[in-house]
Amino acid sequence: MDNTFRIHSLSEFHSLCNLPQPEHPLISLIDYSLVEYPFEENHISWIQDFYSIGLKRNVTAKFNYGQQVYDFNKGLLSFISPLQFLRLEIDQEAKVQPSGWLLLIHPDFLWNTALAKKIKSFDFFGYAANEALFLSDKEERAIEHILLNIEQEYQNHIDRFSQELIVNQVERLLIYAERYYERQFITRKKSNFELLDKFEQILQRYFDHGKGLEEGIPKVTAIAEELHISPNYLGTLLRIHTQQNTQEHIQNKMIGYAKERLSTTRMTIGEVAYELGFEYPQSFSKLFKQKTQLSPSEFRKNFN
């Protein structure tokens, strides 16, 4: 991460991008066409201590969602949480001027509100930058309307109602974004099912080749990396299409494999546990009973 900027405050971000100082120290809506990143050659890297929500148009960088370019390409909505490493690359020969809005929110602004905790539950803050949300014109107008309401409120005289009103608008924006993300997952069924199929193939190879003996229980991060998506993206994909999170899906796959081994081989329960990647057979037996209401030995008796 050489030459990576470390940005602690909204004021520092404004200064870095050659913008006027923010009107509020903890929340700021920026006209994206005015942002001047100090690029070195064609890229810039930074880590920031605040949330940012970007609604961008005419972006000169190539944005993908998951593994391919998505059809809704007029508006691009991206979400960045504090302490994420960012790298932005541009096409310096592009003649189109990017536009849109960038909302910066310092965590201190959310202090003592319900959103301070809830904001961490929105999966899209954990997505990589190339897994942004593409909007239709109608969706884009709805998000822009909320952003401008937020700006109008903090530009007014700050009083004891201001924080609650702004936080309510931010939460409204996040709920709309969650709806649009689910729409995007649903309308991309073909490519999503291809990802799910690859996910199943990776798990099947893992168990068929006995990788658990060397590598332990399959790791969500390793599987997501092999699929070239983020763990949060994989989790959302599975939740929407299978009603299970990634860990549940892996566990159910392990139990299915264990049932096969217990019913068709003479392997001991310990050998089955180690082959699946468990360090201790007791942990395997506990999970097996939790999932099947039977111990491994009780299950095996049904086949003897």
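Residues numbered from 1 in each chain as written. Predicted model: local features only at pLDDT ≥ 70, side-chain atom pairs only at ≥ 80, totals over all residues. Heavy atoms only, no water.

- As recorded by an unreviewed UniProt entry, the protein carries the name Helix-turn-helix transcriptional regulator and is attributed to Flagellimonas oceani.

## Regarding the sheet that holds strand β3 (residues 43-48)
So, step 1. With mixed pairing, the three strands of this open sheet are ordered in space as β1-β3-β6. Every other strand in the sheet has two partners, leaving β1 (4-7) and β6 (85-89) as the edge strands with one partner each. Sheet twist, expressed as the average angle between the axes of neighbouring strands with direction ignored, equals 25°.
So, step 2. Taken together, the five bridges between β3 and β6 define a ladder with antiparallel strand orientation. Directly across from His43, in β6, lies its bridge partner Glu89. (Pairing = 2+ DSSP bridges. Helix = DSSP H or I, 4+ residues; strand = E, 2+ residues; numbered from the N terminus. Axes fitted to C-alpha atoms, helices over the stretch in contact; angles between N-to-C directions.)

## Considerations on the pattern of salt bridges
So, step 1. Tallied over the full model, the rule gives 10 salt bridges.
So, step 2. Of the charged contacts, one joins Asp49 and Arg6 as a salt bridge, the two residues approaching to 2.3 Å between their closest N and O atoms. Note that Asp49 is positioned in the loop between β3 and β4 (51-57) and Arg6 in strand β1, a separation of 43 residues in sequence.
So, step 3. By relative accessible area, Arg6 is classed as partly exposed at 39%.
So, step 4. Residue Lys253 is joined to Glu200 by a salt bridge in which the shortest nitrogen-to-oxygen separation is 3.1 Å. With Lys253 in helix α9 (residues 246-264) and Glu200 in helix α5 (residues 189-208), this pair connects stretches of sequence that are 53 residues apart.
So, step 5. Its relative accessible area of 23% is what places Lys253 among the partly exposed residues.
So, step 6. For Glu200, a relative accessible area of 25% puts it in the partly exposed group.
So, step 7. One salt-bridge network, held together by shared partners, links Arg57, Glu140 and Glu144. (Salt bridge = Lys/Arg side-chain N within 4 Å of Asp/Glu carboxyl O. Buried < 20%, exposed > 50% of the residue type's maximum accessible area, 1.4 Å probe, protein only.)

## Some details on the packing of aromatic side chains
So, step 1. Inspection of the entire model under this criterion finds 16 aromatic pairs.
So, step 2. Considering the side-chain rings of Phe79 and Phe124, the 4.3 Å spacing of their centres and the 40° angle between planes classify their relative orientation as tilted. Linking Phe79 in strand β5 (residues 75-80) with Phe124 in the loop between α2 (115-118) and β8 (133-135), this pair joins segments that are 45 residues apart in sequence. Of the two residues, Phe79 and Phe124, neither departs from the other in class, the shared state being buried.
So, step 3. Through pairs of rings, three or more aromatic residues link up here, namely Tyr51, Phe79, Phe122, Phe124, Phe125 and Tyr181. (Phe/Tyr/Trp six-rings, centres within 6.5 Å; stacked < 30°, edge-to-face > 60°.)

## Regarding the environment of Glu151
So, step 1. With respect to the secondary-structure elements, Glu151 resides in helix α3 (residues 137-155).
So, step 2. Sequence separation between Glu151 and Ile30 is 121 residues, and the spatial gap between their C-alpha atoms is 9.2 Å.

## What about the nonpolar core?
As a rule of thumb, nonpolar side chains are buried together in soluble globular proteins.
So, step 1. Core analysis: the biggest nonpolar cluster contains 66 residues, and Phe79 and Leu174 have the highest contact counts within it.
So, step 2. The element that contributes the greatest number of residues to this core is helix α4 (residues 162-187), accounting for nine residues.
So, step 3. Shared between two domains, this core takes at least three residues from each, and those domains are domain 1 (5-180) and domain 2 (210-302).
So, step 4. Setting aside anything within four residues of it in sequence, one finds Leu174 in contact with Ile53, Phe79, Leu115, Ile119, Phe122, Phe124 and Phe125.
So, step 5. Counting 17 residues, the second-largest nonpolar core is a separate cluster that includes Cys17, Leu19, Val35 and Ile44. (Core = buried A, V, L, I, M, F, W, Y, C linked by side-chain atoms within 4.5 Å. Domains from an automatic or database assignment. Contact = heavy atoms within 4.5 Å.)

## Observations concerning helix α11 (residues 281-292)
Think of an α-helix as turning once every 3.6 residues; residues three or four places apart then point the same way.
So, step 1. Look at α11: 16 Å from first C-alpha to last across 12 residues, which is about the 16 Å you get at 1.5 Å a residue.
So, step 2. Packed against the buried residues of α11 are α9, α10 (269-276) and α12 (296-301).
So, step 3. Gln293 sits one or two residues past α11 and shows a positive phi near 65°. (Expected span 1.5 Å × (residues − 1).)

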